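# Architecture and fold: a report
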Amino acid sequence: MSRSLGVMEAIRATLPEWLLEAFLAATLLGDLLLVAPALALFYLVDVGSSIRRGRREESLCSDRTATLIATVFGGLALVVLLESVFALPRPPAEYHVIEPSEFGFPSGHTMAATVFWGALALWLPRGRRSVRLGVAGTIVALVAVSRLALGVHYLVDVVASVAFGAVYLAAIGWLARGRPLRAFLAALGIALAAAAATGINDRALLAVVGTVVGLVGWWFVERPPIRRRVYGAAARLGSSSS
């Protein structure tokens, strides 16, 4: 696969140094340090909303939120798999502003941003869909440019990452069709493939463990006896504090 410095080199040569701090912040929009807590927050907010409604026949976590979480898990695992399959190097070290991981294709941050923010735009039931997609596209573009500005990716890396992420979202949307179990099983399959391709390195192991914990945790909490206990405990806590 042919790759060259091109746009990345031009950006690094013309970018004012004071802008690097801004790009260091922007790149976090596709970082696991933001994505993982955000998924946990979405889950807790959704469960809290269900508990406030007090309808014990309802799922604690909506199918929409559970599918979104599973989709992002699968997307993160797909990054590990693709990086291992292509195993392409990053730009020369003299361009690096930060210390990156080993492989440069695809861009993990850009693809994670595409999957995470794209999934939110497609499935979050807030506001107009066109506005959500516009915001998501802006964030993904910002993350992609930040990876070039930090000198850790070529242009082809970030462009391909957006394409990979978009195709993945379309595929998982068609496969899962709003059913969390399908999305989790797809994510687990990708994570296991990543583990096999990498020889179970740290990132692949994290993908497998995270997906299994997410799947088992969601399945266990949503069992009717467990769900009724959670609703009951919440009701007792609410009555005692009032």
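Relevant structure appears above.
The following refers to the structure shown. (Residues numbered from 1 in each chain as written. Predicted model: local features only at pLDDT ≥ 70, side-chain atom pairs only at ≥ 80, totals over all residues. Heavy atoms only, no water.)

Take the side chain of R132 next. Within the secondary structure, R132 is located in helix α6 (residues 129-149). Salt bridges are absent for the buried R132, whose nearest opposite-charge side chain, D46, sits at 15 Å. Not counting residues within four places of it along the chain, the set of residues in contact with R132 comprises L120, A121, L122, L124, R126 and G127. (Helix = DSSP H or I, 4+ residues; strand = E, 2+ residues; numbered from the N terminus. Buried < 20%, exposed > 50% of the residue type's maximum accessible area, 1.4 Å probe, protein only. Lys, Arg positive; Asp, Glu negative; His and termini not counted. Salt bridge = Lys/Arg side-chain N within 4 Å of Asp/Glu carboxyl O. Contact = heavy atoms within 4.5 Å.)

Turning next to the environment of P91. Relative to the assigned elements, P91 resides in the loop between α4 (63-86) and α5 (108-123). Residue classification places P91 among the buried positions, given a relative accessible area of 3%. In the structure, P91 is positioned 60 residues away from G151 in sequence and 6.9 Å away in space, judged by C-alpha atoms.

It is worth spelling out the side chain of D31 at this point. Relative to the elements of secondary structure, D31 occurs in the loop between α2 (20-26) and α3 (32-53). It turns out D31 is buried and unbridged, and the closest side chain with the opposite charge, R147, is 6.3 Å from it. At a separation of 2.9 Å, a polar atom in the side chain of D31 contacts the side chain of H109. (Polar contact = N/O pair within 3.5 Å; in protein donor to acceptor, adjacent residues only side chain to side chain.)

A cluster of nonpolar residues, I200, L205, V209 and V213, forms a patch on the protein surface that exposes about 360 Å² of accessible area. Secondary-structure assignment places I200 in the loop between α8 (180-198) and α9 (202-221). (Patch = residues over 30% accessible without salt bridge, like charges linked within 9 Å, V, L, I, M, F, W, Y side chains within 5 Å. Areas by Shrake-Rupley, 256 points an atom, 1.4 Å probe, with all protein chains shown as cover.)

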